[in-house]
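Letter by letter, the chains look like this.
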Amino acid sequence: MRTSKRPIKSATTGKKLVDDLKPFGKLIQTNYRQDSLLSKSQLAKFSQTSRVMLGAIQNKVDTKLVQRPLDMTAITYHHDRRLMQLMVMLPSGERYRVYEFVEKLNQLLLGEITEEIFYQYQQPKIFEKSSPKNIGDKTKRANQTLKQRLRQLTESKLQLTQQYQQLKVALAQKEMLLREQMLLNQELTQKLQILCETNATYQFKIKKQQEMGVIREQVRKKQTKIKQKQRTQFKLESKHVCPKIDNRALYKKIDDLQEQLMFSQQQQQTQQQKISTMQPSQISRSERLRQLTSELDEACVSEYHPLLRLVDKYNQLVSEDVVLWHQIQGRLVRSENDWSFIDQQGNQYCLTTESMNGIPIEELTTAYYYSARQRRDTKSIILIRQLNVPVVNECDSVKQVHELVEPMMAKNYQVLIISWWGETVKNATQKLTRLGIKVVWLDPSDVNNDKIVHEMNKTQYDFQLVVLRGAHHEIVTAAHRLRRMGRRIKVANNPGVSAMVAFVQEALQNVEAEA
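Note that the structure is a prediction, hence the values are computed from the model and not measured.

## Examining the overall build of the protein chain
For step 1, the next point in the chain: Helix and strand counts for the protein chain stand at 14 helices and 12 strands.
For step 2, the next point in the chain: Out of the 515 residues belonging to the protein chain, those deemed buried represent 27%.
For step 3, the next point in the chain: With the model as given, the accessible surface of the protein chain reaches about 37300 Å², and the carbon-plus-sulfur share is 53%.

## Here we look at the sheet that holds strand 2 (residues 85-89)
For step 1, the next point in the chain: Spatial strand order, 1-2-3: 3 strands in an open sheet with antiparallel pairing. Strand pairing shows two members of the sheet lacking a second neighbour, strand 1 (76-80) and strand 3 (95-97), which therefore form its edges. Recorded for the sheet is a direction-independent mean angle of 35 degrees between the axes of neighbouring strands.
For step 2, the next point in the chain: Bridging between strand 2 and strand 3 involves 3 bridges; their strand directions are antiparallel. Looking at strand 3, one finds that Met89 is bridged to Arg95.
For step 3, the next point in the chain: Helix-sheet contacts for helix 2 (residues 40-55) involve strand 1 and strand 2, and the interaxial angle to strand 1 is about 140 degrees.

## Considerations on the packing of helix 1 (residues 22-31) against helix 2
For step 1, the next point in the chain: At a minimum axis distance of 9 Å, the contact between helix 1 and helix 2 shows a crossing angle of 165 degrees. With respect to their mutual orientation, helix 1 and helix 2 come out roughly antiparallel. For the crossing formed where helix 1 meets helix 2, the hand is right-handed. Where helix 1 abuts helix 2, its residues Pro23, Phe24, Leu27, Ile28 and Asn31 lie against Phe46, Thr49, Ser50, Met53 and Leu54.
For step 2, the next point in the chain: In terms of residue class, the contact of helix 1 with helix 2 is made up of 7 nonpolar, 3 polar and no charged.

What counts as what
Residues numbered from 1 in each chain as written. Predicted model: local features only at pLDDT ≥ 70, side-chain atom pairs only at ≥ 80, totals over all residues. Heavy atoms only, no water. Helix = DSSP H or I, 4+ residues; strand = E, 2+ residues; numbered from the N terminus. Buried < 20%, exposed > 50% of the residue type's maximum accessible area, 1.4 Å probe, protein only. Areas by Shrake-Rupley, 256 points an atom, 1.4 Å probe, with all protein chains shown as cover. Pairing = 2+ DSSP bridges. Axes fitted to C-alpha atoms, helices over the stretch in contact; angles between N-to-C directions. Contact = heavy atoms within 4.5 Å. Parallel < 35°, antiparallel > 145°, perpendicular 65-115°, else oblique. Left-handed = near helix turned anticlockwise from the far one by under 90°. Nonpolar A, V, L, I, M, F, W, Y, C, P; charged D, E, K, R; others polar.

As structure tokens, then:
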């Protein structure tokens, strides 16, 4: 920072600078020292400040430089690392040292030089002479350094190669150990499952044996009571028997007791047979499934939630999926504090806490349609979400039905729909058929991808609709490719019945407008 109040002079000639150049000279003395380089940030700041300072004397420079004007804001600065100097580059190509540029500019403003002399000067190039001996020494030292570096790199390469081989062998050993451990874990898991099943079987048998023991004890106590009762009756009757009369009555009672004993033994055998038939080892799987199906009703359906895991495991073991739920749509009806769900076929279902699926009762409304899932076996429903489709009045719906009955177009249009939502596509197909439109539906879960792509390439379809959810990547890629080729095709995320019909109607109306 400049502290003295001495006049600012040129660094080469020592002449005083004009008043307009004094801020620029002070900037150079403050930020720049000879034989030193500025950083990028310092150089950028210096360039920006100099443009502002030199831009203030633009009018005076224009009066001096008439034939070849100089734009002071277009001057650039850069370092000459060979000379270790800060250079000034004019727009016309001339290069000056920063102090020499200030001197030339000062002379031009003072009128000491003309425009031709100002542009004639250019920084001469300085070439340093180097002796061949010094070049040879430098080359020799560089070669020695490179050889030493090459030797070090070679040793490092050998060490790294050796370490890589060791790590590779260790990795192979670890992989082998992990593979053996995985096989051992699988065997142990299978044995554990077998032991769990055996344990469950034995526990069931022990439980049944305990129940059998309780039944035998009850039968034994009952037989003991019968025998004691018979003995007491025999003793009481024997007191009144005359010794002179024969023993036929006694023999008859003995026979009756033997018959009662045989009857009780037969009852015990039948009970044992019933208990033995109740054991799961003697009941077939089909009988168990029939018994399970017969006991399932609406009262105990909440206790049968583990059946969903059974269905998932069945789907993993076989190729065909068992579908317990299917999606439906409908509206809500409120009767005092009770809510009911009415589907598109007019079936009504009462909503319970489980049916609402966590939706607060305050958020239920009769103004919009809802989507729900329905069990195919119990016909119970569970709400999914509220659709963005308002409920229309009955007169409007009747009017809409009458309008849809009449075909909207006289031509025979063909439409291809690719979706795995069966119920939605069926309802949309019925509406489009009433409009006189032929619909071909392909389900990606049943039809091969190659066949679907081959069908999409056919030109007989006037419009194609691909539902993104459920469609494979190959089908979506083919749809976008055909759309770029100019084919009428649309890829939708998850449209409902009304959205599908709207898409088809809009596309076919555009076809008629183009025709």
